[in-house]
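Residue-level structural notes
Below, each chain spelled out in residue letters.
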Amino acid sequence: MSKSVSDRELIEVAMKAREMAYTPYSHFQVGAALLTKDGKVYPGCNIENAGYTPSNCAERTAFFKAVSEGAREFAAIAIVAGMEGGELIRTAPCGVCRQVMMEFCDPETFRILLAVSPDQYEEWTLERMLPLGFGPKDLA
Ligand code: THU
């Protein structure tokens, strides 16, 4: 269903989104690109804050942008990260972001691409990254 956007294209959007990262404290810049099942892509970057706690990860920025615009069904997310001015480093989403993914994604099919370039990436499922995750089904 999401065939119109390739993994390469999704990673390229994440790399572009990373350029917008607001990281005056950690200087660790993250970009994400979230693909809906109907082929829309929502980019996101991390946004830090002098109060530290209100900082938002790139992945959640992408999810909240998408959900706030009505998207509810997701196929994949590409993530790229690294220190400002440095190489991309394979980076996995934090626990809070994994939990946000649990809310909206099918753990068995949602693909998480941890990329260091448009054609070098690891592919994970949410199930593998958050085993026994707690989600909406547990409250049904
Ligand atoms: N960060 C993300 O945006 N995504 C991740 O997957 C890991 C961490 C951000 C949060 C903070 O702005 C910076 O990276 C350092 O933790």
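My aim in this report is to walk through the structure given alongside it, one point at a time. Owing to the predicted nature of the structure, the values given are computational and were not obtained by experimental measurement.

This part takes up helix α2 (residues 58–68). Count 3.6 residues to each turn of an α-helix, and residues three or four apart come out pointing the same way. Counted residue by residue, α2 has 8 buried out of 11 residues, so it is predominantly covered. Along α2, the residues that are buried comprise Ala58, Glu59, Arg60, Thr61, Ala62, Phe63, Ala66 and Val67. Where α2 is buried, its residues touch β1 (28–36), β2 (41–45), β3 (74–83) and α3 (95–104). Among the residues trailing α2, Gly70 stands out with phi positive, at a value near 100°.

Tallying each qualifying case throughout the model produces 6 salt bridges. Between Glu12 and Arg8 there is a salt bridge, and its shortest N-O distance comes to 3.2 Å. Taken as a pair, Glu12 and Arg8 lie in helix α1 (residues 7–18) at a separation of 4 residues, close to a single helical turn. Given the relative accessible area of 36%, Glu12 is considered partly exposed. With a closest N to O distance of 2.9 Å, Glu123 and Arg111 form a salt bridge. Here Glu123 is found in strand β5 (residues 120–125), whereas its partner Arg111 is found in strand β4 (residues 111–117), with 12 residues between them in sequence. In this structure, a network of salt bridges that share partners links the residues Asp7, Arg111 and Glu123.

Quick notes on the rules
- Residues numbered from 1 in each chain as written.
- Predicted model: local features only at pLDDT ≥ 70, side-chain atom pairs only at ≥ 80, totals over all residues.
- Heavy atoms only, no water.
- Buried < 20%, exposed > 50% of the residue type's maximum accessible area, 1.4 Å probe, protein only.
- Helix = DSSP H or I, 4+ residues; strand = E, 2+ residues; numbered from the N terminus.
- Contact = heavy atoms within 4.5 Å.
- Salt bridge = Lys/Arg side-chain N within 4 Å of Asp/Glu carboxyl O.

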